[in-house]
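A closer look at the structure
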Amino acid sequence: MKELLEYLREYIGETITISLSALGGIFALIQWKKSNDYKRAELVSELIDTIRDGKAISTVFDMIEWAELVYDGKFRTKNSRGIEGSDTPEQMTIMVDSVLAKFNYICYLRRLHIFKRKDMAVFDYEIKRIFDNAQVCNYLYSLFLWSTSLGVMCSYKHLVQFGLRRRYLHISFLSEKSKQYTCKLWHRKTRLLKRICKVL
């Protein structure tokens, strides 16, 4: 009888210890998840602030949204309205690049599953508007063909992949002879580069 009571004491003690450890583990897991959610929310907030409050980025995005940009190898505005710090087409192209880079980063975070679908919903309108702009799509198409011809990853790979998955981009985007997208400037340089490589 004594042995049975001692065995029950040990068994109950071990059961309580294991139960408390399990509860502690569950509590730690819940805290970790909440901490990750909070960090993700902070990151979303920072990106929203950068996109909407950054004067140059928000102005360039407005120009993308209102279709005020023309792409012919470099970005220009349709009217005389410029952006502070963008006196030349090269500077305008750099500013468009900075906007696309932000959204590429957002799509990259989604690809890594750091952002969830509900986080992406915050940026979905802006991303859709980027792909609704034919001039920006032609620019992305030109970069895609250029990087493919060099055998390197496209600068905006994650943004393009997101657009293809969501069907914001037509599947012909992946073709060198797309009828929907026009390659500007890069195509001529690619042919020239191939000729130079053959000579060398």
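Scroll up to find the structure this text is about.
Notes on the structure follow. (Residues numbered from 1 in each chain as written. Predicted model: local features only at pLDDT ≥ 70, side-chain atom pairs only at ≥ 80, totals over all residues. Heavy atoms only, no water.)

According to the stated counting rule, one finds ten aromatic pairs in the structure shown. Seen in terms of ring centroids, Phe75 and Tyr139 are 5.0 Å apart; in terms of plane orientation they differ by 70°. Their pairing is edge-to-face. Taken together, the residues span a long stretch of sequence, with Phe75 in strand E2 (residues 75-77) and Tyr139 in helix H5 (residues 134-150) at a distance of 64 residues. Under the relative-accessibility criterion, Tyr139 is labelled buried at 4%. Here Tyr141 and Phe173 contribute two aromatic rings whose centre-to-centre distance is 5.5 Å and whose plane-to-plane angle is 65°, an arrangement assigned as edge-to-face. Taken together, the residues span a long stretch of sequence, with Tyr141 in helix H5 and Phe173 in the loop between helix H6 (157-165) and helix H7 (186-199) at a distance of 32 residues. Put simply, the rings of Tyr141, Phe144, Phe173 and Tyr181 touch in pairs and so form one group of aromatic residues. (Phe/Tyr/Trp six-rings, centres within 6.5 Å; stacked < 30°, edge-to-face > 60°. Helix = DSSP H or I, 4+ residues; strand = E, 2+ residues; numbered from the N terminus. Buried < 20%, exposed > 50% of the residue type's maximum accessible area, 1.4 Å probe, protein only.)

Next up on the list: the layout of surface pockets. Within this model, the largest pocket holds a volume of roughly 180 Å³. Lining the largest pocket, in full, are Arg110, Arg111, His113, Arg117, Phe162, Arg165 and Arg166. For the lining of the largest pocket, the secondary-structure elements that each account for two or more residues are helix H3 (89-111) and H6. Of the residues belonging to the lining of the largest pocket, the class tally is one nonpolar, one polar and five charged. (1 Å grid on protein atoms, 1.4 Å probe; cavity = no way out; pocket = protein on both sides within 12 Å on 5 of 7 lines; lining within 4 Å. Points joined across faces, edges and corners; volume = space filled by probe spheres on them. Nonpolar A, V, L, I, M, F, W, Y, C, P; charged D, E, K, R; others polar.)

Scanning the model with the defined rule gives ten salt bridges in all. The salt bridge involving Arg52 is made with Glu126; its shortest N-O contact spans 2.7 Å. Of the two residues, Arg52 sits in helix H1 (residues 2-53) while Glu126 sits in helix H4 (residues 117-132), which places them 74 residues apart along the sequence. The exposure class assigned to Arg52 is partly exposed, which follows from its relative accessible area of 45%. Between Lys74 and Glu90 there is a salt bridge; the shortest N-O distance is 3.3 Å. Pair noted here: Lys74 is in the loop between strand E1 (69-71) and E2 and Glu90 is in helix H3, with a separation of 16 residues, a long-range link. Residues joined in a network through salt bridges with shared partners are Lys33, Asp37, Arg40 and Asp119. (Salt bridge = Lys/Arg side-chain N within 4 Å of Asp/Glu carboxyl O.)

What follows concerns a negative patch on the surface. Where like charges cluster on the molecular surface, the negative patch consists of Glu3, Glu6, Glu10 and Glu14. Relative to the elements of secondary structure, Glu10 occurs in helix H1. Look at Glu10 and you get partly exposed, because its relative accessible area is 46%. (Patch = residues over 30% accessible without salt bridge, like charges linked within 9 Å, V, L, I, M, F, W, Y side chains within 5 Å. Areas by Shrake-Rupley, 256 points an atom, 1.4 Å probe, with all protein chains shown as cover. Lys, Arg positive; Asp, Glu negative; His and termini not counted. Charge placed at Lys NZ, Arg CZ, Asp CG, Glu CD.)

End to end, H3 covers 32 Å across 23 residues, agreeing with the expected 33 Å (1.5 Å per residue, within 8%). Those residues of H3 lying buried are Met92, Thr93, Met95, Val96, Val99, Leu100, Phe103, Asn104, Ile106, Cys107, Leu109 and Arg110. Backbone geometry just downstream of H3 places His113 in the positive-phi region, at approximately 65°. (Expected span 1.5 Å × (residues − 1).)

For the rest of this paragraph, the subject is a nonpolar patch on the surface. On the surface, Met1, Leu4, Leu5, Tyr7, Leu8, Tyr11, Ile12, Ile16, Leu20, Leu23, Ile26 and Ile30 cluster together to form a nonpolar patch covering roughly 1300 Å² of accessible area. Relative to the assigned elements, Ile26 resides in helix H1. Among the residues examined, Ile26 registers a relative accessible area of 49% and is labelled partly exposed.

Right, let's talk about the nonpolar core for a bit. The biggest cluster of nonpolar side chains holds 45 residues, and the ones touching the most others in it are Leu100, Phe103, Phe123, Ile127 and Leu159. Elements supplying a minimum of two residues to this core: H1, helix H2 (55-65), E1, H3, H4, H5 and H6. For Phe123, the contacting residues outside a window of four places in its chain are Val44, Leu47, Ile48, Ile51, Ile106 and Phe115. (Core = buried A, V, L, I, M, F, W, Y, C linked by side-chain atoms within 4.5 Å. Contact = heavy atoms within 4.5 Å.)

A few words on the environment of Ile64. Mapped onto the elements, Ile64 comes out in helix H2. Considering only alpha carbons, one finds Ile64 and Thr77, 13 residues apart in sequence, at a separation of 9.9 Å. Beyond its immediate stretch of four places on either side in the chain, Ile64 contacts Leu69, Val99, Arg129, Ile130, Asn133 and Val136.

That's the geometry; what it means functionally is another story.
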